[in-house]
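One letter stands for each residue in the lines below.
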Amino acid sequence: MPPAIARRVPYKDFLQPALQRRFASTAGFLLAVAYVEALTLSSWDSIIWSWFPGGPSGLRTLGIFVSLLPIVILRIAHSHVGIRTSDSPFDAFRQSAVTFATFETIITFAISAWLFGQTYLLSTPADANLGWITYYSGDRARLNERALFYTVNLTILGIAQGILHISLDYDRMLLGTVKPRREGDVNGQVSQSWNRLGESAPALIVRTGTLSIVVALANYVVLYHFVRGFAWAWTLSFFRLFYNLPKSNMPPSQAPWSIWMLGRSMWAGFLLCLLWYIGDKAFQLQLAKAPLKNNQPLSAESKDPNGSLLNGLKSKKPRISAFAMWELALIARDFEVRRQSVFEDIDRKDGPMWSQLYVICLSTIKAVEKRIDDYGKPPAPPPAQPAAAPQPPARIVQPPKNDNVWASAPNQKSLRRSVGKLVSSVVTSPGKTPADIYLPEAKRRAVEASENLLTREQREALTPDGFNALVRNVSLQILSLPTVGPLFQQLFSRRLATAVLGRPYGEVSIYVNAAYALSKLAVSSLSEDRYGNVQRDVATIIRTFTTVIRKLERFRDTLPMHWTDIKGNRQCAEVQQLLEGLKDGLSELVEAFGQYGGDLRLTRADMRLAREASQRPLAAVGMAEQGQERAAPDAQPEMQQVH
């Protein structure tokens with residue numbers, strides 16, 4: 001009986017639990033933040049019950065945390081890798097404004113704000129008079145507009161935050177890249193996410209205060225006037241189910257506006273925004289951790305680690321393939337035993353482990369070259385449909401008539417026929433037509449009027465070239481406006497990143513990690529590849545890296561500036577990061593295999609072009625060194641554990 005074949009565990013079975021642990025740790029941290037905010041809403045009339053988690057503070061904490069649960073679920077559902085690629089912010093708005101995800105995000109933030117508002121109103125003391133129902137005289141219940149004002153303010157704040165969430169793409173997962181170790185680098189294994197969160201706390205507080213103050217002032221001065229009638233009628237119809245309220249839907253003659261209410265609305269908005277921004281930053285830092293668990297790759301727990309890693313690299317889902325590529329780059333640099341297993345794993349069904357990794361990484365890098373080659377070309381036509389079987393032609397000729405063919409046709413007198421004869425006689429008659437008589441005279445008088453009434457500059461402005469120049473000047477003035485202009489500017493950096501990384505999202509870390517993993521494995525094969533399977537592919541790797549670098553640099557230097565780009569800046573951070581990753585990998589390959597060029601069937605021209613392509617400008621080198629010095633306290637952030 002043949003031995004049972006072990007099932008290859010998919011890579012997502014290791015990645016999903018890791019991400020769930022990160023979400024859980026972030027949710028626990030947000031629960032602690034909710035408890036701190038619950039203490040700020042406590043009346044402190046009792047030394048114990050004001051802070052004891054089993055008392056009102058605990059219930060208030062649960063209420064605040066429940067208002068955050070929709071945001072946590074939203075982040076889990078909408079998290080994605082890569083920047084949103086588009087030619088302009090307006091282009092991105094046009095693509096995502098009417099999608100279901102946009103409406104879902106805005107509605108989710110509005111629900112979160114409404115839930116927080118109810119918890120806030122229930123937490124205020126009775127003397128604040130912020131309950132939904134109040135009694136002015138006797139036992140007659142009345143709807144309290146103060147509570148309505150706070151609820152409307154927080155709901156508008158939720159809508160505004162939802163729009164900002166979509167515009168600034170807070171759902172993006174910031175993945176790291178693996179770079180060669182330099183002298184003096186520390187193998188930092190301790191997670192520093194919470195330290196970085198503490199460093200960003202001042203900026204978060206400033207953003208929180210700004211948004212809460214702006215929305216509160218806008219609602220106090222303008223917005224509440226427009227939604228007051230609708231909100232009052234809807235709320236009144238709801239509370240009539242439980243209270244004996246007046247039948248009239250007219251709001252009170254005087255709205256309960258005061259500086260005291262404005263200050264309270266700002267404070268409530270500040271607490272809510274602080275929860276949102278801390279949650280966004282915590283999610284961003286937790287999800288940016290490397291795919292490690294207990295200082296080992298995630299796939300190390302599999303019975304077939306290499307098979308699970310291959311499954312992740314071949315996944316069609318960008319998030320899974322991006323994390324798998326990140327893990328492969330970490331294995332190539334930091335885990336010698338796993339790296340050696342790549343060269344020794346030669347009995348796989350689809351080929352040796354190295355051969356499959358070589359194809360995956362090289363095809364990933366060549367995808368950049370293909371996009372550059374296809375830029376500006378019309379899309380390929382859809383495949384032609386197979387021709388249908390010919391059908392017998394339908395009969396379109398009527399059977400012959402039995403009428404007398406020699407009979408003369410009857411005269412048809414109609415207005416159309418008479419007008420046609422008149423026009424025909426005018427056109428075919430000798431002499432000048434009315435157009436020949438009156439059109440030259442009209443042109444002459446129009447020219448005389450323009451010369452007498454218009455100046456030279458005005459006459460030039462009426463020409464097609466002058467009109468186009470006027471439209472262009474007006475457009476440039478609109479593009480120069482500080483608020484409206486940037487929405488329509490097609491900056492060079494956005495257009496270049498869109499062309500190189502693709503639409504609708506582009507993740508540069510996939511290409512950088514693929515280049516590093518391929519080059520590091522090839523260099524390590526000099527001492528670790530006992531079977532010599534890698535050396536036959538080194539020449540192709542070097543030529544591919546050289547070609548992609550040269551094409552990418554030429555495309556960057558020759559891509560024309562769009563006329564709406566009034567800044568004229570030809571820098572693109574994403575493309576520069578991609579070039580640096582390719583150059584670092586090619587530099588290591590040239591240094592390691594330069595003396596074996598003849599044995600690898602690399603000509604002198606190939607090596608010369610590779611050396612030229614691997615060189616980095618002095619300015620870029622200086623900027624990279626400064627960046628490494630700034631990143632020294634957070635050395636090796638990619639070696640962070642999964643909790």
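Residues numbered from 1 in each chain as written. Predicted model: local features only at pLDDT ≥ 70, side-chain atom pairs only at ≥ 80, totals over all residues. Heavy atoms only, no water.

1. Some words on the overall build of the protein chain
Our working definition: Helix numbers and strand numbers start at the N terminus; a helix is a DSSP run of H or I with at least 4 residues, a strand a run of E with at least 2. To sort residues, take the accessible area from a 1.4 Å probe on protein chains only and compare it with the maximum for the residue type: under 20% means buried, over 50% means exposed, and anything in between is partly exposed. Only heavy atoms enter the contact rule, under which two residues are in contact if any of them lie within 4.5 Å. Methods summary: accessible areas were calculated by the Shrake-Rupley approach with a probe of 1.4 Å, and residue burial reflects only the protein chains presented.
Helix and strand counts for the protein chain stand at 23 helices and eight strands. Scored against the burial criterion, the 643 residues of the protein chain give a buried share of 42%. Of the contacts formed within the protein chain by residues at least 6 apart in sequence, a portion of 82% connects residues at least 24 apart. Per element, the accessible surface of the protein chain, about 36900 Å² overall, is 61% carbon and sulfur.

2. What about the nonpolar core?
Here is the rule we go by: Among the buried residues, those of types Ala, Val, Leu, Ile, Met, Phe, Trp, Tyr and Cys that are joined through side-chain atoms within 4.5 Å form a nonpolar core.
Counting 144 residues, the largest nonpolar core has Trp276, Leu328, Val500, Leu518 and Leu578 as the members making the most contacts within it. No other element matches helix H8 (residues 259–287), which puts 15 residues into this core.

3. As for the side chain of Ser200
So the rule is basically this: For the purposes of these results, a polar contact is taken to be a pair of N or O atoms within 3.5 Å, where, inside protein, one atom must be able to donate a hydrogen and its partner to accept one; residues adjacent in sequence count only when each atom of the pair is a side-chain atom.
Assignment of secondary structure puts Ser200 in the loop between helix H6 (193–199) and helix H7 (201–239). Of note is the side chain of Ser200, whose polar atom sits 3.0 Å from the backbone oxygen of Leu197.

4. Here we look at the pattern of salt bridges
Applied cut-off: For this document, the term salt bridge refers to a Lys or Arg side-chain nitrogen within 4 Å of an Asp or Glu carboxyl oxygen.
This structure, assessed with the given rule, holds 21 salt bridges. Put simply, Arg75 and Asp280 hold a salt bridge, and the shortest N to O gap is 2.9 Å. Taken together, the residues span a long stretch of sequence, with Arg75 in helix H2 (residues 56–78) and Asp280 in helix H8 at a distance of 205 residues. The exposure classification of Arg75 matches that of Asp280, with both residues buried.

5. A short note on the environment of Val66
Within the secondary structure, Val66 sits in helix H2. The spatial distance from the C-alpha of Val66 to the C-alpha of Phe116 is 8.2 Å, given a sequence separation of 50 residues.

6. Some words on a nonpolar patch on the surface
We count it as follows: Within this analysis, patches are made of residues with over 30% relative accessible area and no salt bridge. Like charges are joined at 9 Å or less; nonpolar side chains (Val, Leu, Ile, Met, Phe, Trp, Tyr) at 5 Å or less.
Judged by side-chain polarity, Phe90, Phe93, Val474, Ile478, Leu481, Val484, Leu487 and Phe488 come together as a nonpolar surface patch covering roughly 690 Å² of accessible area. Of all the secondary-structure elements, those providing two or more residues to the nonpolar patch are helix H3 (89–96), helix H16 (464–479) and helix H17 (485–488). Within the element layout of this structure, Val484 appears in the loop between H16 and H17. The class for Val484 is partly exposed, based on a relative accessible area of 36%.

7. Some thoughts on the environment of Tyr120
Summarising the element assignment, Tyr120 is placed in helix H4 (residues 100–123). Overall, Tyr120 belongs to the buried group, its relative accessible area being 2%. Here the alpha-carbon distance between Tyr120 and Gly63, two residues 57 residues apart in the chain, equals 9.0 Å. The contacts of Tyr120, once residues within four sequence positions are left out, are Leu41, Arg264, Trp267 and Ala268.

8. As for the packing of aromatic side chains
This is how it is decided: Paired rings are identified among Phe, Tyr and Trp, the last through its six-membered ring, by centres lying within 6.5 Å, and are further divided according to the angle between planes into stacked (under 30 degrees), edge-to-face (over 60) and tilted (the rest).
A complete count under the given rule lists 17 aromatic pairs for this structure. On the basis of an interplanar angle of 85° and a centroid distance of 5.4 Å, the ring pair of Phe238 and Phe239 is categorised as edge-to-face. Overall, Phe239 belongs to the buried group, its relative accessible area being 12%. Relative to Tyr358, the ring of Trp354 has its centre 6.0 Å away and its plane inclined at 35°; by these criteria the two rings are tilted. With Trp354 and Tyr358 both in helix H12 (residues 353–374), this residue pair falls four residues apart, about one helical turn.

9. Some remarks on the packing of helix H10 (residues 318–334) against helix H11 (residues 336–344)
Put simply, the test is: For helices, the axis comes from a line fit to the C-alpha atoms of the stretch in contact; other axes are also lines fit to C-alpha atoms, and the angle between any two N-to-C directions lies between 0 and 180 degrees. Angle categories: roughly parallel below 35 degrees, roughly antiparallel above 145, roughly perpendicular from 65 to 115, and oblique for all the rest. Classes in brief: Ala, Val, Leu, Ile, Met, Phe, Trp, Tyr, Cys and Pro nonpolar; Asp, Glu, Lys and Arg charged; the others, Gly included, polar.
Contact pair H10 / H11: the axes reach a minimum separation of 6 Å and the direction vectors enclose 105°. On the basis of the axis angle, H10 is roughly perpendicular to H11. Judged by residue contacts, Glu327, Ile331, Ala332, Arg333 and Asp334 of H10 engage Glu336, Arg338 and Arg339 from H11. In the contact of H10 with H11, the residues fall into two nonpolar, no polar and six charged.

10. Quick notes on the packing of H10 against helix H19 (residues 508–528)
Operational definition: When the near helix sits turned anticlockwise from the far one by under a right angle, the crossing is termed left-handed; a clockwise turn instead gives a right-handed crossing.
Orientation of H10 relative to H19, taken along the N-to-C sense of each, is 30°, at an axis distance of 8 Å. With respect to H19, the axis of H10 lies roughly parallel. The two elements H10 and H19 meet at a crossing, and its hand is left-handed. Facing Ala322, Met325, Trp326, Leu328, Ala329, Ala332 and Arg333 of H10, the residues of H19 in contact are Ile510, Asn513, Ala514, Tyr516, Ala517, Lys520 and Leu521.

11. Looking at the environment of Gly82
Relative to the assigned elements, Gly82 resides in the loop between strand S1 (80–81) and strand S2 (83–84). Put simply, Gly82 and Leu175 are 93 residues apart on the chain and 8.4 Å apart in space, counted from C-alpha to C-alpha. With residues up to four places along the chain from it excluded, the contact list for Gly82 reads Asp169, Arg172, Met173, Tyr505, Gly506 and Glu507.

12. Quick look at the side chain of Gln356
Mapped onto the fold, Gln356 is located in helix H12. Not counting the four nearest positions on each side in its chain, Gln356 is found in contact with Leu310, Lys314, Arg348, Asp350 and Gly351.

13. What about the confidence of the model for the protein chain?
Operational definition: The predictor attaches a confidence to each residue, called pLDDT, with possible values from 0 through 100.
Averaged over every residue, the pLDDT of the protein chain is 82; the share at 70 or more is 78%. Here residues 186–191 is a poorly scored stretch, pLDDT under 50, and it has 15 contacts once near neighbours within four places are set aside; other chains count. This stretch, residues 621–643, has a pLDDT under 50; its non-local contacts, to residues over four places away or in other chains, come to 51 contacts.

14. Some thoughts on unusual backbone geometry
A cis amide bond links Arg503 to the next residue, Pro504, at an omega of -10°. For Pro504, the position within the fold is in the loop between helix H18 (492–501) and strand S8 (505–506). The backbone phi angle of Asp169 is positive, close to 55°, even though this residue is not glycine. Asp169 sits in the buried class, given a relative accessible area of 15%. The phi torsion at Arg601 lies on the positive side, around 65°, for a residue other than glycine. Tracing the chain through its elements places Arg601 in the loop between helix H21 (573–593) and helix H22 (604–614). Given a relative accessible area of 72%, Arg601 falls into the exposed group.

15. Quick look at H18
The element H18 is extensively covered by neighbouring structure, given that eight of its 10 residues are classed as buried. All of the buried residues along H18 are Phe492, Arg495, Leu496, Ala497, Thr498, Ala499, Val500 and Leu501. Buried positions along H18 lie against S2, H12, S8, H19, helix H20 (535–558) and H21. Backbone geometry just downstream of H18 places Gly502 in the positive-phi region, at approximately 90°.

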